[in-house]
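Chain by chain, the residues:
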Amino acid sequence: YTAKGSRSTTVIFDETALARRLEENQLSLALVLAADRNEFVVHYQQKVDLPTGAHLGFEALVRWQHPELGLLAPGRFLPLMEGTQLIRGMTRAVIAAVGRDLKAWKAAGLTPGPVSINLPETLLVGDEGYEFFAGTIRENGLEWRDFAVEITEDVFLNRSADQILATVARFHKHGVSISLDDFGTGFASLVHLRDFPFDELKIDRSFVDGIGRDARSEQIIRAMIHLAQSLGKRCVAEGIETEGQRRFLKDAGCDVGQGYHFARPEPAALAGKRLPRQAAAIDRHTAAGAPAA
Ligand code: C2E
Ligand code: MG
Ligand code: MG
Ligand code: MG
């Protein structure tokens, strides 16, 4: 390009924007078929007991194995699913894959602990989300307690808390641990903390990031841990990348850690290598609900 004036600059900009739009459209089209083509893959990130480093469980994190573009992170395709029903099929695929992996791990005598599923807003109202779990548990001979559920504060933005509470309470009655994800970054109010049966609060990575650099982040983390403790809830810190962050959180009384410092999200075959054969630390951290039905 020999840019002679603002006109060619504008053209270059437009082409970039257009190219991006075309790429997004192509991705969206391929996304429609992704679930049927079994292109969703689940990676597992370990959750550890902060005082001891013992394995407690996993969080299931979806990836899209795109035929040409390779493995895509959720940040690349979840936004394209917004306002569509595609997220239901994706979540069904995630729950099914986790069910199969749990069954295989347990059959091998391993103790995976609960696997947390990130449940989107659309599946927190009505029966469908609940039925996905019930079907997977039945098919694989699992228990409700093999699963945990994470919901982000954003679900409270568009839905009435009553609708969500009905679904969450159903899971909780079966002993499924319920986490409030990305705590402190969204729309949950203290009313939700009071009224919802959360077992776990997950301190968002953006706060953990500030440890050692930003006194306010550290003070807020201490306050969140204190809040969790006084409400009798477990506190989980996500995005722990350094030994300094780990030590700060452990000393501040945080119960559970998750982050690259311990383990990255990994395919099932790799994640399975981290699994203990004994359930030592796990019992202390499972949901305090009724026994599995
Ligand atoms: P999230 O539930 O808060 O998950 C934690 C995210 O932080 C994951 O990103 C994880 O890979 C990343 N992470 C963990 N430890 C570290 C660390 O030490 N450093 C850094 N920089 N990052 C860390 P990921 O896998 O890209 O997922 C992003 C978000 O996408 C998730 O945030 C969750 O909201 C959503 N998501 C992932 N899987 C699913 C799914 O199966 N269903 C739904 N509905 N949403 C999902
Ligand atoms: Mg999560
Ligand atoms: Mg989170
Ligand atoms: Mg987060």
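For the structure, see preceding data.
The structure presented is a predicted model; accordingly, all values stated were derived computationally and were not measured.

Novice: Just checking my understanding: could you explain the coordination of the magnesium ion (ligand 3) for this structure?
Specialist: As a benchmark, a tetrahedral metal site with four donors has ideal angles of 109.5 degrees, while an octahedral site with six donors has ideal angles of 90 or 180 degrees. The protein atoms that coordinate the magnesium ion (ligand 3) are Asp181 (OD), Asp182 (OD), Glu238 (OE) and Glu238 (OE), at distances of 2.1 to 2.3 Å. Here the donor residues of the magnesium ion (ligand 3) share one chain and are spaced in sequence as D-D-x55-E. A separation of 3.9 Å is found between the magnesium ion (ligand 3) and the magnesium ion (ligand 2), which are bridged by Asp181. You can see Asp182 sitting in strand E6 (residues 177-183) and its partner Glu238 sitting in the loop between strand E8 (234-237) and helix H10 (243-251), a full 56 residues away along the chain. With relative accessibility at 23%, the residue Asp182 sits in the partly exposed group.

Novice: Looking at this structure, how should I read helix H2 (residues 74-81)?
Specialist: In an α-helix, one turn spans 3.6 residues, which is why side chains three or four residues apart end up on the same side. Looking at H2, one finds that the buried residues are Pro74, Phe77 and Met81. One face of H2 carries all of its buried residues, which in axial projection span an arc of 95 degrees.

Novice: Sorry, what's going on with the layout of surface pockets here?
Specialist: In this approach, a probe sized like a water molecule rolls over the atoms, and the result shows the empty space that is left. As a volume, the largest pocket reaches approximately 1500 Å³. If you trace the largest pocket, you find 47 residues lining it, with Pro74, Leu78, Asn118, Thr152 and Asp182 closest to the centre. Each residue belonging to the lining of the largest pocket can be placed in one class, and the counts come to 19 nonpolar, 15 polar and 13 charged.

Novice: Hey, could you run me through the environment of Glu243 in this one?
Specialist: Within the element layout of this structure, Glu243 appears in helix H10. By relative accessible area, Glu243 is classed as partly exposed at 31%. Taking the C-alpha atoms as reference points, Glu243 and Tyr44, separated by 199 residues in sequence, lie 21 Å from one another. Only 3.3 Å separates the side chain of Glu243 from the side chain of His261, close enough to count as a polar contact.

About the thresholds
- Residues numbered from 1 in each chain as written.
- Chains lettered and ligands numbered in written order.
- Predicted model: local features only at pLDDT ≥ 70, side-chain atom pairs only at ≥ 80, totals over all residues.
- Heavy atoms only, no water.
- Donors = N, O, S within 2.8 Å, 3.2 Å for Na, K, Ca; no water.
- Helix = DSSP H or I, 4+ residues; strand = E, 2+ residues; numbered from the N terminus.
- Buried < 20%, exposed > 50% of the residue type's maximum accessible area, 1.4 Å probe, protein only.
- Arc of directions from axis to C-beta.
- 1 Å grid on protein atoms, 1.4 Å probe; cavity = no way out; pocket = protein on both sides within 12 Å on 5 of 7 lines; lining within 4 Å.
- Points joined across faces, edges and corners; volume = space filled by probe spheres on them.
- Nonpolar A, V, L, I, M, F, W, Y, C, P; charged D, E, K, R; others polar.
- Polar contact = N/O pair within 3.5 Å; in protein donor to acceptor, adjacent residues only side chain to side chain.

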